[in-house]
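Coordinate inspection notes
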Amino acid sequence: MGVIPEVTLSSGHFMPLVGMGTASHPPATPEAFRTAILDAIALGYRHFDTASLYGTEQRLGAAVADAVRQGLVRREELFITTKLWCTDAHADRVVPALQQSLRTLELDYVDLYLIHWPLSMKKESKFPHSKDDLLPIDLKAVWKAMEECQRLGLTKSIGVSNFSCKKLEQVLSFSSIPPAVNQVEMHPVWQQKKLVDFAKDKGIKLCAYSPLGSNGTPWGTNDVMECQVLKEIGLKKGKSVAQVITQVVLRI
Ligand SMILES: NC(=O)c1ccc[n+]([C@@H]2O[C@H](COP(=O)([O-])OP(=O)(O)OC[C@H]3O[C@@H](n4cnc5c(N)ncnc54)[C@H](OP(=O)(O)O)[C@@H]3O)[C@@H](O)[C@H]2O)c1
């Protein structure tokens, strides 16, 4: 695959532009998961995305440890993201939640820690959540605790996910450490133009999730992979639709 280009975050750290997600539906078997991560590392992937919600932190950490033991890669060459789930989006639970994620991943630090959604949920609520579990988030208090995670060296950079321009404005208004990344759904049929312009202006990097539209999942759409224009471009360029999409998303 060759070397994946990187982007410099506002924290001064580098983030590889192409990453591999670990939230699949249905979940991969343990052996398929391990093989996928090891093959991805061998192919040149360095950026891996997990979350406490996904239940993949332990498997990702184990596969990474294997890759390091085999000499495929050094830990410092990897970029690992995990996320704060809404039940832990309470000021006093943020640092312990990241410490728990690190224990599960068997890592000393992650490269990026994200607030998964701009929401809190009742601490005791369990997935799948109901509407009654939702609480408004105390964004300032939660963000201050995210900053503490970075100061403690538990994460190299901090950021958010699924945040609108308005929510980002709020965080920027009280942050000492601004969010380095906003991870959002983004693909050729959902280009997030307003958010892209806003993020560029504020020095926040957008990270696109579900770049193929999460096709084939109960919540995703086939509109991206079935898009006629993308198919025509693929035919002309001798590339698959997924390869065309990767190029489009990298240019947005
Ligand atoms: N921050 C958030 O709230 C959030 C939300 C959603 C996702 N994410 C992250 O983003 C990652 C990717 O998102 P996603 O899994 O929803 O999206 P996606 O990459 O858009 O879609 C995954 C689907 O595409 C299929 N696929 C993969 N490669 C393909 C190819 N070359 N040609 C045709 N189909 C292909 C997969 O099928 P197979 O399974 O058969 O390979 C799977 O059904 C997740 O794993 C997670 O880490 C974050």
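Given the structure is predicted, the values throughout are model-derived calculations rather than measurements. (Residues numbered from 1 in each chain as written. Predicted model: local features only at pLDDT ≥ 70, side-chain atom pairs only at ≥ 80, totals over all residues. Heavy atoms only, no water.)

**What to know about the packing of helix H1 (residues 30-43) against helix H2 (residues 57-69)**
Relative orientation of the contacting elements H1 and H2 amounts to 45°, with a least axis distance of 9 Å. Taken together, the axis directions place H1 and H2 in an arrangement best described as oblique. Viewed along their axes, H1 and H2 form a crossing whose handedness is right-handed. On H2, the residues that touch Pro30, Phe33, Arg34, Ile37, Leu38 and Ile41 of H1 are Arg59, Leu60, Ala63, Asp66 and Ala67. For the contact of H1 with H2, the residue count by class is eight nonpolar, no polar and three charged. (Axes fitted to C-alpha atoms, helices over the stretch in contact; angles between N-to-C directions. Helix = DSSP H or I, 4+ residues; strand = E, 2+ residues; numbered from the N terminus. Parallel < 35°, antiparallel > 145°, perpendicular 65-115°, else oblique. Left-handed = near helix turned anticlockwise from the far one by under 90°. Contact = heavy atoms within 4.5 Å. Nonpolar A, V, L, I, M, F, W, Y, C, P; charged D, E, K, R; others polar.)

**Points about the pattern of salt bridges**
Under the definition given, this model contains 13 salt bridges. Here the salt bridges share partners, and the residues they tie into one network are Glu31, Arg34, Asp66 and Arg69. (Salt bridge = Lys/Arg side-chain N within 4 Å of Asp/Glu carboxyl O.)

**Section: unusual backbone geometry**
Between His25 and Pro26 the backbone carries a cis peptide bond, its omega angle lying at -5°. With respect to the helices, strands and loops of the structure, Pro26 is situated in the loop between strand S3 (19-21) and H1. Pro128 follows Phe127 through a cis peptide bond whose omega is 0°. You can see Pro128 is positioned in the loop between strand S7 (120-121) and strand S8 (134-135). Even without glycine at this site, Gln192 takes up a positive phi of about 55°. Relative to the helices and strands, Gln192 resides in the loop between strand S10 (181-185) and helix H6 (193-202). For Ser214, which is not glycine, the phi torsion reads 55° and is therefore positive. Ser214 sits in the buried class, given a relative accessible area of 19%. (Buried < 20%, exposed > 50% of the residue type's maximum accessible area, 1.4 Å probe, protein only.)

**Considering the sheet that holds strand S9 (residues 155-161)**
Reading across from one edge, S3-S4-S5-S6-S9-S10-S11 is the order of the seven strands in this open sheet, with parallel pairing throughout. Across the chains shown, the open sheet's two edge strands, defined by having one partner strand only, are S3 and strand S11 (205-209). Averaged over all neighbouring strand pairs, the angle between strand axes comes to 30°, with direction disregarded. In terms of strand pairing, strand S5 (residues 79-84) meets strand S6 (residues 110-115) through four bridges, oriented parallel. (Pairing = 2+ DSSP bridges.)

**Notes on the layout of surface pockets**
Approximately 220 Å³ is the volume attributed to the second largest pocket. Every residue along the wall of the second largest pocket is listed here: Ile233, Lys237, Lys239, Ala242, Gln243, Val244, Thr246 and Gln247. Counting residues per element, the ones that place at least two in the lining of the second largest pocket are helix H7 (228-237) and helix H8 (241-251). The element best represented in the lining of the second largest pocket is H8, accounting for five residues. Considering only residue class, the lining of the second largest pocket consists of three nonpolar, three polar and two charged. (1 Å grid on protein atoms, 1.4 Å probe; cavity = no way out; pocket = protein on both sides within 12 Å on 5 of 7 lines; lining within 4 Å. Points joined across faces, edges and corners; volume = space filled by probe spheres on them.)

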